[in-house]
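Notes for the structure review
Given next are the chains, with one letter for each unit.
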Amino acid sequence: QPPAAGAAMEGSDLGKSGRAEAADEFASSAADALDAQEEAEEEEDEAADEFEFNAPAEAQASQSGDKAKPASKSAAAGAPAARNNLPQTWEWEILALTVVLAYVGAFFLGSSVNSSLAAAWFNEFGDAGKLLPASFSTTQICSDPGSPFNKETPSAFRYYATGRARTRGLVVSLDLLPRQDLLSWVLAALSGDEDTITVEVFMDPSAVDPFVLAAAPRRDRRRIQKEARDLMAFASVVDPRKVDRGLAGLSILTDTKDALNCLSSSVVAILGRHSPALPTNRYAGDADSAASSSGASAVLPDDTDVERAADPLFRLLHITDRVPSYDRGVELLSNQAVRFKFKLPTASRMGELEELMRLALDVADRAASIKISKEALKRNKDMRARLEQIETEERDAEEGKVQIDENILAKRAHLETLKKTDRAAYLKERKRLETKMIRKRTKMVRK
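This text gives an overview of the structure that appears in the document.

**Focus: the packing of helix H8 (residues 265–273) against helix H10 (residues 354–369)**
Put simply, H8 and H10 touch, their axes get as near as 11 Å, and they point 145 degrees apart. Considering the relative orientation of H8 and H10, their crossing is left-handed. Contacts from Ser266, Val267, Ile270, Leu271 and Arg273 of H8 reach H10 at Glu355, Leu356, Leu359, Asp362, Val363 and Arg366. Here the contact of H8 with H10 is composed, by residue class, of six nonpolar, one polar and four charged.

**What about the packing of aromatic side chains?**
Geometry of an aromatic ring pair is reported as the spacing of the ring centres plus the angle between the planes. On inspection of all chains with the given rule, the structure shows five aromatic pairs. The interplanar angle of 85 degrees and the centroid separation of 5.4 Å between the aromatic rings of Phe107 and Phe108 together place this pair among those described as edge-to-face. For Phe107, a relative accessible area of 40% translates into the label partly exposed. Through a chain of ring-to-ring contacts, the aromatic side chains of Trp121, Phe122, Phe125 and Tyr159 assemble into a single cluster. Over the ring of Phe234 we find Arg384; its NZ or CZ atom is 4.3 Å from the centre of that ring.

**Some words on the pairing of strand S8 (residues 250–254)**
The buried fraction of S8 is high, at five of five residues. Here S8 shows a buried face lined by Leu250, Ile252 and Thr254 and a second buried face lined by Ser251 and Leu253. Bridge count between strand S6 (residues 213–217) and S8: five bridges; the pairing is antiparallel. Residue pairing in the sheet places Ala215 in a bridge with Ile252 of S8. Direction of pairing for strand S7 (residues 236–238) relative to S8: antiparallel, over a ladder of three bridges. Directly across from Val237, in S8, lies its bridge partner Leu253.

**A look at helix H12 (residues 423–446)**
End to end, H12 covers 35 Å across 24 residues, agreeing with the expected 34 Å (1.5 Å per residue, within 8%). For H12, the complete set of buried residues consists of Tyr426, Glu429 and Leu433.

**A short note on the nonpolar core**
In globular proteins that are soluble, nonpolar side chains generally tend to be buried together. Core analysis: the biggest nonpolar cluster contains 60 residues, and Trp121, Ile197, Leu263, Phe340 and Leu353 have the highest contact counts within it. Among the elements that take part in this core, H10 stands out by supplying nine residues, more than any other. The contacts of Leu263, once residues within four sequence positions are left out, are Leu213, Val243, Leu247, Ile252, Val268, Leu271 and Leu317. Within the second largest apolar cluster, 11 residues are counted, among which are Ile224, Ala228, Phe234 and Ala235.

**Considering unusual backbone geometry**
Phi is positive for Arg166, which is not a glycine, with a value near 65 degrees. On the secondary structure map, Arg166 appears in the loop between strand S3 (156–162) and strand S4 (167–175). By relative accessible area, Arg166 is classed as partly exposed at 40%.

Scoring rules and cut-offs
Residues numbered from 1 in each chain as written. Predicted model: local features only at pLDDT ≥ 70, side-chain atom pairs only at ≥ 80, totals over all residues. Heavy atoms only, no water. Axes fitted to C-alpha atoms, helices over the stretch in contact; angles between N-to-C directions. Helix = DSSP H or I, 4+ residues; strand = E, 2+ residues; numbered from the N terminus. Left-handed = near helix turned anticlockwise from the far one by under 90°. Contact = heavy atoms within 4.5 Å. Nonpolar A, V, L, I, M, F, W, Y, C, P; charged D, E, K, R; others polar. Phe/Tyr/Trp six-rings, centres within 6.5 Å; stacked < 30°, edge-to-face > 60°. Buried < 20%, exposed > 50% of the residue type's maximum accessible area, 1.4 Å probe, protein only. Lys NZ or Arg CZ within 6 Å of the ring centre and 35° of its normal. Pairing = 2+ DSSP bridges. Expected span 1.5 Å × (residues − 1). Core = buried A, V, L, I, M, F, W, Y, C linked by side-chain atoms within 4.5 Å.

None of the figures reported here should be taken as evidence of function without further support.
Okay, here's the thing in structure tokens:
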């Protein structure tokens, strides 16, 4: 071969070998790069696994460290930290549970206290051989044969008796504080309410003349006049000092002077003992002015020498031939009744009520024996007839008002129906009603 061709062939061989070496080096470097990449990925995976494994432990350690700081501070300050560890909602739940338990406890405890008071009264006056069984032929009339009372609520008890001359029956109502209801009991205690007993002797109308007589502490006069319409309509106030000085602390109301015969000396003595004393400064100004004008020394109309009980129990005496509307809660045996209201003492002092319970029966007998004059009887009957006429007119007016209201509602409903169905008829009917109303108002104005 020529030298040039040999040199060219040698150069091509060298070029091939060089390219082969370069390819081998590139392949080895690529393999090294892949190995390095795989090792890096494996290291990243190991690091991620190690982080996931150690994160919960570190979080728990950090939380325990955070809790340990306030705990150590509270321990150093000496304050308990157990309450702060409770959820916030538990405080309201504990409060609600406390209120519920208080209500439940008050219900059972209050009901027990009221039942014990009623039982104490029955053992003192209603049991066999006591005052009421000895005064009435039939007692303990109730729906429950095993109980001497009709227990209407845990704070209201009724005792019935019949079989006494010139009477229709006896109803004794024990109205006690609502101790079974915690909220009602607290409100009643704050308002000054008290346990009371009401003794009502319903009279035979044929045996008693129609008259009204009431006696109550002076502070309660306006209230009982508002509650009893017969006192407002018929009765007038009588100066109690003209009846007896022992009644100076009471207000006396009656429609005839003959009714004052019910207040005998024995009745006055008992009422005087169990009624509040009269404040002597009430009439001090009048007495001083009268004394200065006459030149004599002032003599106050006090009753300080009257023997009085430490805790006056008397609240009301009401003799009426028109049982007030607020008495409709009990069985109405007659429209004529002798009604006494007393404060109920505690169970240990129930015997203090003996004198007043006997007084109620005594006054009922006296009321049946009272005979008023012919003039007073005629006047009382005329006044009652007039009151009945007024009440009838009021009832008719109320019924007429209800009827008018019903007619208005019916007309409004009719207009609404026409408005939806027939617009022209609706406008015509509306115009007719407006014209009618204008004519009616014009007529009323002219009248």
